[in-house]
Amino acid sequence: MIMESDPFVLIEGMTIAGLAVGATRGFIYVRAEYPQAIGTLRSAIETAVAAGYLGEGIQGTEREFHLEVREAAGAYICGEETSLLESLEGKRGMVRYRPPLPAVKGLFAKPTIVNNVISLASVPIILDKGAKFYQDFGSGRSRGTLTIQLAGNVKRGGLVEIGFGPSLNEILHDFGGGSASGRPIRAVQAGGPLGAYVHPSQFDTPLDYEAFAAIGAMIGHGGLVVFDDTVDMGEQARFAMEFCAIESCGKCTPCRVGAVRGVEVIDRIRNGVDESKNLELLRDLCDTMVNGSLCALGGMAPFPVLSVLNHFPEDLRARA
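Cut-offs used in this document
Residues numbered from 1 in each chain as written. Predicted model: local features only at pLDDT ≥ 70, side-chain atom pairs only at ≥ 80, totals over all residues. Heavy atoms only, no water. Helix = DSSP H or I, 4+ residues; strand = E, 2+ residues; numbered from the N terminus. Contact = heavy atoms within 4.5 Å. Buried < 20%, exposed > 50% of the residue type's maximum accessible area, 1.4 Å probe, protein only. Arc of directions from axis to C-beta. Axes fitted to C-alpha atoms, helices over the stretch in contact; angles between N-to-C directions. Parallel < 35°, antiparallel > 145°, perpendicular 65-115°, else oblique. Left-handed = near helix turned anticlockwise from the far one by under 90°. Nonpolar A, V, L, I, M, F, W, Y, C, P; charged D, E, K, R; others polar. Polar contact = N/O pair within 3.5 Å; in protein donor to acceptor, adjacent residues only side chain to side chain. Core = buried A, V, L, I, M, F, W, Y, C linked by side-chain atoms within 4.5 Å.

A. Summary view of the environment of alanine 103. Within the secondary structure, alanine 103 sits in the loop between helix H4 (81-88) and helix H5 (117-129). Not counting chain neighbours up to four residues away, the residues in contact with alanine 103 comprise Pro111 and Thr112.

B. Quick peek at the environment of proline 254. Locating proline 254 in the fold gives a position in helix H10 (residues 253-270). Along the sequence, proline 254 and methionine 289 sit 35 residues apart, while their C-alpha atoms lie 5.1 Å from each other. Beyond its immediate chain neighbours, meaning those up to four positions away, proline 254 contacts Ala259, Thr288, Met289, Gly292 and Ser293.

C. How the structure looks around helix H7 (residues 168-175). Taken together, the buried positions of H7 are occupied by Leu168, Ile171 and Leu172. Mapping the buried residues of H7 onto a view down its axis gives an arc of 90°, with all of them on the same face. Packed against the buried residues of H7 are strand S5 (145-152), strand S6 (158-163), strand S7 (185-190), strand S8 (197-198), helix H8 (209-214) and strand S9 (223-228).

D. Summary view of H4. Burial of H4 is extensive: six of the eight residues sit out of reach of the surface. Listing the buried residues of H4 in full gives Thr82, Ser83, Leu84, Leu85, Glu86 and Leu88. Once H4 ends, the next one or two residues include glycine 90, with phi positive near 90°.

E. Looking closely at the packing of helix H9 (residues 233-247) against helix H13 (residues 302-311). For the pair H9 and H13, the least separation of the axes is 8 Å and the interaxial angle reads 160°. By the criterion of interaxial angle, the relationship of H9 to H13 is roughly antiparallel. Where H9 crosses over H13, the two elements pack in a sense that is left-handed. When H9 is examined against H13, the residues Met233, Gly234, Ala237, Ala240 and Met241 are found in contact with a partner set consisting of Pro304, Val305 and Val308. Tallied by class, residues from the contact of H9 with H13 come to seven nonpolar, one polar and no charged.

F. Layout of the side chain of threonine 205. As for its position among the elements, threonine 205 is in the loop between S8 and H8. A relative accessible area of 10% places threonine 205 in the buried class. A polar contact of 2.7 Å, which involves the side chain of threonine 205, links it to the backbone oxygen of glutamine 202.

G. Structural detail: the nonpolar core. Formed by 37 residues in total, the largest nonpolar core has its most connected members in Leu282 and Val305. Looking at this core, the elements with two or more residues in it are H9, H10, helix H11 (275-292), helix H12 (296-300) and H13. If we skip the residues at most four places from it in the chain, valine 305 touches Ala237, Ala240, Met241, Ile266, Leu282 and Cys286. Val154, Ile162, Leu168 and Ile171 belong to the second-largest nonpolar core, a separate cluster that totals 22 residues.

H. Highlighting the side chain of glutamate 89. With respect to the helices and strands, glutamate 89 occurs in the loop between H4 and H5. Polar side-chain contacts of glutamate 89 include one of 2.9 Å to the side chain of lysine 91. In this structure, glutamate 89 is in contact with Arg96, Gly106, Leu107, Phe108 and Ala109, ignoring residues within four places of it in sequence.

Rendered as structure tokens:
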């Protein structure tokens, strides 16, 4: 939405960041599935260069900053910063070992800062309006605004930009209007395909990073996927492991092998094979993936599974 409707706020934020750290080149990495965003950004960059805000001698100074859009294949793993850097260098998107951190040795072995669109787009607003203006939105340590994507079984889906703080219940009913089916909401997956499934008993949790972390969930990119009471949460747990198995870059064993074994173990549980032993094995496998994976893909894939084990255990049992 930002890239398509206000590309200059991103360009300005990246230019400020570049000048602040002494960088002369910036890259906007955009999935090929977003051709409108890519076209809009490239057009905006041409306009900024023509107006003297990018390129050589920015606004008559001796400073320079060059910006380009890189069209990406769109692998999920490239949301991890070092995989993104590998992809930018023309290699397969695979996680790098750290240290060194990208800030020390990043793109083409040069010091590199990697931030998401919303972070960089917030920079011009903060510099223009001041830190107090930004802090007035949100609550606790979660400041600014959050762009929530309401999807799934919800009456009014779409984008909602709001300051941190309202409860999940308020978002689901005041903005979303409840489930599209009219049935009770049984679960909400928050933060993307690797986010935990939030139980109705937790719907009064305020939308801020610390509050969600306290219940074993995450806000992530702000995505909320709604499920009514007809959902099979055991199938959702299996999907999380299957998603990780498909999207894994294969660099580390806990993620590469763990996700495949996770699907197999869940299938054995649901088929009634040594149910109690395999439930114990599944928790042990999740613990290994969380603590042993090289990046957040393998480290977070168990979150949805653990949330089902903890809050919807009746669905992760042998099917009748």
